[in-house]
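Next come the chains, spelled out residue by residue.
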Amino acid sequence: MNEPTTLSGATPPEVDYVSLKAGQLIGRYEIVSVLGQGGFGITYRARDVQLGREVAIKEYLPSALAVRQDGSTVLPRTTKMADDFGWGRDRFVTEGRTLASLHRVPAIVKVFDFLEANGTAYIVMELLSGATLEDRINTGGRLKPEEIDRILWPLLDGLEQVHAAGFLHRDIKPANILLDAAGNPTLIDFGASRAAMVGRTAAMTAIFTPGYAAAEQMTSAKQGPWTDIYGLAATIYHAIAGKAPPNAFDRMLDDSYEPLGKLAPAGFSPGVLAGIDAGLTVAARDRPQSIAGWRPILGMTSAPEPGATMVMGKADEAPAARVSVLGPATAAPITAPPPAPKSRSGLWAGIAAVVLLAVGGGGYYAMATRGPDPEIVKARAAAEAAEEAHRKEAAETERLRAEKAEQDAKAKAEQEAKAKADQDAKAKSDLEAQLQAVRRQSEEDTRRKVEAEIADKKRADEEAQRKAAEDAAAREKAIEDARKATEFVAGNFDHFGKTLMMIGLKDRPGEIRLQGVDVVDDPALHKLAADSLAAQPRNLRCRQTDRLTDGTPLYRCLITKRNSKDPLTDIPDSDRDDLALVLVRTGLLLASCDAPRSYADAEDDARGSKQYLWSRVNVPEYKRRCSR
């Protein structure tokens, strides 16, 4: 059904046999006039008597399945059609409920209410004024970039929320987009319930709008957000190019579609042109699968390279920021429309016949009947006969109900007498049960008190044990932390102590003692070593390796090299030098008698080359220190 929801441009048919009359009430809504009729139902202009505002009301009345009786009630034509009629009405109510929950969605017709009455269902919508996008194109020609910008983005925002609610429009086209005086769009005439009935009953015939319907709408293939994307892309294409794209079914056989990227209309951004072309991809799987996945293409600021692969977004992609469709004004103008594609004999012969039934091609279903025909007369007579049978059945039911009420009253009196006797016996039994319950409750309270005391003592014991365990663990941790602090120290070199064996680190109290070297008390060597290490910042890592007999810990220290880069603390041990070994190798210290072999070898090399220390030490006297 493609009934309008506008104040202008719709006039009731001259002869009408099924619509509600002016002044009739549907709940709190008073019928004013008929806005439009179709094979699926009727749209009225009405007034909300409580709020005092005018609304549009869509009534579910598929003429192929149902008739109106007594000027208001809607009944299925036959008992065989009752299931299909009821099933479609449920879908219609679901459509109204879903749209009513989307009342804050931009660019979507607002649904105020939905209700069931007269044996059918109604959707109460906003009564809009303005012209359709189809009228705007027919009267004004192609739309300018700024006009497309005002239409496209609000529709994207609205459709994205509609799809998030699990809902589809299924019939997006210029005739279903209403423009107000400022050019702002509103999408009208949702068709979920109509589309749901395709294939449900042979009485309903599906009609598509050529050029705007996706290929999957002509088959049993799955439909989704990508289906609405095709319809919106085709609508915007028409507004930009001045003509609708070729029918999707024709394109599957011989695609004569002219991409907007090739036509390059002036003033439009490359992203919008590429996005419309992507949305009009024939195969559903190759189209953007969601509005969120479509936005990044529409928002591109430059055209894709020739032969580039266009990645279509999935439903879980984050939406791109809104970008204007306006682009550089230097693009080439739209070329003249190409000649019409070759005719395909018989391809659209059947579809054309169906379209003629649609009264101008609008809407999804064609079941329109004009004036009484023999079928309607027969249906009315059958409905009257069914009503008479229903009245007789109701009278018989009422008689049986009265007889049953008399029998029930007699049985009730007998039951009351028996209940009185049972009540007296029960009162005595209850008194005894209460006494027993009091005794049991006293015993239970005593038992619970004892159990509670035992549980409290157990919890106290467990808490004490836990506290003791935590204290022991804390002591062990403190001992371990102290041990670790002693075993390993690190920091930037600060100074030597009284001798070159004692090293000071910045921000650390006290000094640490090097392992493997002996004291050399020579001020000149001390100054030389200090100046060498202090020439630039150096970082040390020292680990305890031994202790003296008095308990003093000895450390092996690794120092960064002179040419090391910051941060010095991050340099691995493999790139550091052994400080004691460096001091021995440069002739600033003596290796201790029990030093590692590498220290002794370095000392021999330093002595042979007369390094600093060995110009001052008497060699024979040095050799008497210890035997090697």
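What counts, and where the lines are drawn
- Residues numbered from 1 in each chain as written.
- Predicted model: local features only at pLDDT ≥ 70, side-chain atom pairs only at ≥ 80, totals over all residues.
- Heavy atoms only, no water.
- Helix = DSSP H or I, 4+ residues; strand = E, 2+ residues; numbered from the N terminus.
- Buried < 20%, exposed > 50% of the residue type's maximum accessible area, 1.4 Å probe, protein only.
- Contact = heavy atoms within 4.5 Å.
- Areas by Shrake-Rupley, 256 points an atom, 1.4 Å probe, with all protein chains shown as cover.
- Pairing = 2+ DSSP bridges.
- Disulfide = S-S within 2.5 Å.
- Expected span 1.5 Å × (residues − 1).
- Salt bridge = Lys/Arg side-chain N within 4 Å of Asp/Glu carboxyl O.
- Polar contact = N/O pair within 3.5 Å; in protein donor to acceptor, adjacent residues only side chain to side chain.
- Core = buried A, V, L, I, M, F, W, Y, C linked by side-chain atoms within 4.5 Å.
- Axes fitted to C-alpha atoms, helices over the stretch in contact; angles between N-to-C directions.
- Parallel < 35°, antiparallel > 145°, perpendicular 65-115°, else oblique.
- Nonpolar A, V, L, I, M, F, W, Y, C, P; charged D, E, K, R; others polar.
- Phe/Tyr/Trp six-rings, centres within 6.5 Å; stacked < 30°, edge-to-face > 60°.

Q: Talk me through the overall build of the protein; I want residue IDs and the actual numbers.
A: When helices and strands are counted, the protein shows 15 helices and 19 strands. Burial status across the protein gives 39% buried among its 628 residues. In the protein, 63% of the contacts between residues at least 6 apart in sequence involve partners at least 24 apart. Counting every atom, the protein has about 34000 Å² of accessible surface; 54% of that belongs to carbon and sulfur.

Q: Mind laying out the pairing of strand β6 (residues 73-76), listing which residues take part and the relevant values?
A: Two elements, strand β5 (residues 66-69) and β6, share four bridges in a ladder whose sense is antiparallel. Pairing of Arg68 across the sheet is with Val74, part of β6. Between β5 and β6, which pair antiparallel and follow one another directly, the connecting turn spans three residues, one of which, Asp70, has a positive phi of 60°.

Q: Any details on the state of the cysteines? Residues and values, ideally.
A: Disulfide: a covalent bond connecting the sulfur atoms of a pair of cysteines. Counted by the stated rule, this structure contains one disulfide. Sulfur-sulfur distance for the disulfide between Cys542 and Cys557 comes to 2.1 Å. For the disulfide bridge between Cys542 and Cys557, the dihedral angle about the S-S bond is near 115°, and by the sign convention the bridge is right-handed. Remark: Cys557 occurs in strand β17 (residues 553-560) and Cys542 occurs in strand β16 (residues 539-547); sequence separation between them is 15 residues. Each member of the pair, Cys542 as well as Cys557, carries the same accessibility label: buried.

Q: So, helix α1 (residues 79-100): which residues are in play, and what are the values?
A: In a regular helix each residue adds 1.5 Å, so 22 residues correspond to 32 Å; α1 covers 32 Å between its end C-alpha atoms and thus fits that length. Burial in α1 covers these residues: Asp84, Phe85, Gly86, Gly88, Phe92, Val93, Glu95, Gly96, Thr98, Leu99 and Ala100.

Q: Go over the pairing of strand β7 (residues 111-117) with me, naming the residues and quoting the values.
A: Pairing between β7 and strand β8 (residues 120-126): six bridges, direction antiparallel. The partner of Val111 across the bridge, within β8, is Met125. As consecutive antiparallel partners, β7 and β8 are separated by two residues, and within that stretch Asn118 has a phi angle of approximately 55°, a positive value.

Q: Can you lay out the pattern of salt bridges for me, pointing to particular residues and giving the numbers?
A: On inspection of all chains with the given rule, the structure shows 33 salt bridges. Between Glu30 and Arg47 there is a salt bridge, and its shortest N-O distance comes to 3.2 Å. In this pair, Glu30 sits in strand β2 (residues 29-37) while Arg47 sits in strand β3 (residues 41-48), placing the two residues 17 residues apart along the sequence. The exposure class assigned to Glu30 is partly exposed, which follows from its relative accessible area of 24%. Salt bridges sharing common partners tie together Glu444, Arg447, Arg448 and Glu451.

Q: Explain the side chain of Arg576 residue by residue, including any values.
A: Mapped onto the elements, Arg576 comes out in strand β18 (residues 576-578). On the accessibility criterion, Arg576 (6% relative accessible area) is buried. Within polar-contact distance, the side chain of Arg576 engages the backbone oxygen of Leu568 at 3.1 Å. There is a polar contact of 3.1 Å between the side chain of Arg576 and the backbone oxygen of Ile571. What Arg576 contacts, discounting residues up to four positions off in sequence, is Asn539, Leu540, Arg541, Leu558, Ile559, Thr560, Leu568, Thr569 and Ile571.

Q: Describe the nonpolar core, with residues and values.
A: Leu232, Ile276 and Trp294 are the most contacted members of the largest nonpolar core, which totals 81 residues. Element by element, the count of residues in this core is highest for helix α5 (residues 225-241), at ten residues. Setting aside chain neighbours within four positions, we find Ile276 in contact with Ala233, Ile236, Tyr237, Tyr257, Leu260, Trp294 and Leu298. Met501, Leu505, Ile512 and Tyr555 belong to the second-largest nonpolar core, a separate cluster that totals 35 residues.

Q: Describe the side chain of Thr227, and please don't skip the residues or the numbers.
A: Along the chain, Thr227 falls in helix α5. Setting aside residues no more than four positions away along its own chain, Thr227 makes contact with Ala214, Glu216, Gln217 and Arg287.

Q: Explain the sheet that holds strand β11 (residues 185-187) residue by residue, including any values.
A: Taken in spatial order, the three strands line up as β9-β10-β11 in an open sheet, and their pairing is antiparallel. Both outer strands of the open sheet, β9 (131-132) and β11, are each paired with one neighbouring strand and no more. Summarising the sheet, strand β10 (residues 177-179) and β11 pair through three bridges and their orientation is antiparallel. Among the inter-strand pairings, Ile177 is bridged to a residue of β11, identified as Leu187. In this fold helix α3 (residues 145-164) packs onto β10 and β11, with an angle of close to 35° to the strand it touches most, β11.

Q: Describe the packing of α3 against helix α9 (residues 291-298), naming the residues involved and giving the relevant values.
A: Two measures define how a pair of helices packs: the angle their axes make with one another and the distance between the axes. The N-to-C vectors of α3 and α9 enclose an angle of 155°; their axes lie 10 Å apart at closest approach. The angle between the axes of α3 and α9 places the two elements in the roughly antiparallel class. Listed contacts from α9 to Trp153, Leu156, Asp157, Leu159, Glu160 and His163 of α3 are Ile291, Ala292, Trp294, Arg295 and Leu298. Residue composition of the contact of α3 with α9, grouped by class: seven nonpolar, one polar and three charged.

Q: Which residues make up the sheet that holds β2, and what values go with them?
A: Ordered in space as β1-β2-β3-β4-β8-β7, the six strands form an open sheet in which the pairing is antiparallel. Lying at the two open borders of the sheet, with one neighbouring strand each, are β1 (25-26) and β7. Pairing of β2 with β3 involves seven bridges; the strand directions are antiparallel. Its bridge partner being in β3, Tyr29 is matched across the sheet by Asp48.

Q: Provide a residue-level description of the environment of Ile236, including the pertinent values.
A: Counting through the fold element by element, Ile236 comes out in helix α5. Residues Ile236 and Ile276, 40 residues apart in the sequence, show an inter-C-alpha distance of 7.4 Å. Look past the residues within four positions of Ile236 in its chain and what remains in contact with it is Ile148, Ile151, Leu152 and Ile276.

Q: Could you give me a rundown of the packing of aromatic side chains, with the residues and numbers involved?
A: The description of two aromatic rings rests on the distance between their centres and on the angle between their planes. Scanning the model with the defined rule gives seven aromatic pairs in all. A centroid spacing of 5.1 Å and a plane angle of 40° characterise the contact between Tyr237 and Tyr257, whose relative ring orientation is tilted. Of this pair, Tyr237 sits in helix α5 while Tyr257 sits in the loop between α6 (248-253) and α7 (260-263), placing them 20 residues apart in sequence. Take Tyr237 and Tyr257: they sit in the same class, and that class is buried. Three or more aromatic residues joined by ring pairs form one cluster here, namely Phe40, Tyr60, Phe85 and Phe92.

Q: Give me the lowdown on unusual backbone geometry, citing residues and values where you can.
A: The peptide bond linking Asp566 to Pro567 adopts the cis configuration, its omega dihedral lying at -5°. Examined against the element boundaries, Pro567 turns out to sit in the loop between β17 and β18. Not every positive phi belongs to a glycine, and Asn118 is a case in point at roughly 55°. Along the polypeptide, Asn118 turns up in the loop between β7 and β8. One non-glycine residue with positive phi stands out, namely Arg170, at about 80°. Following the sequence through the fold, Arg170 ends up in the loop between α3 and β10.

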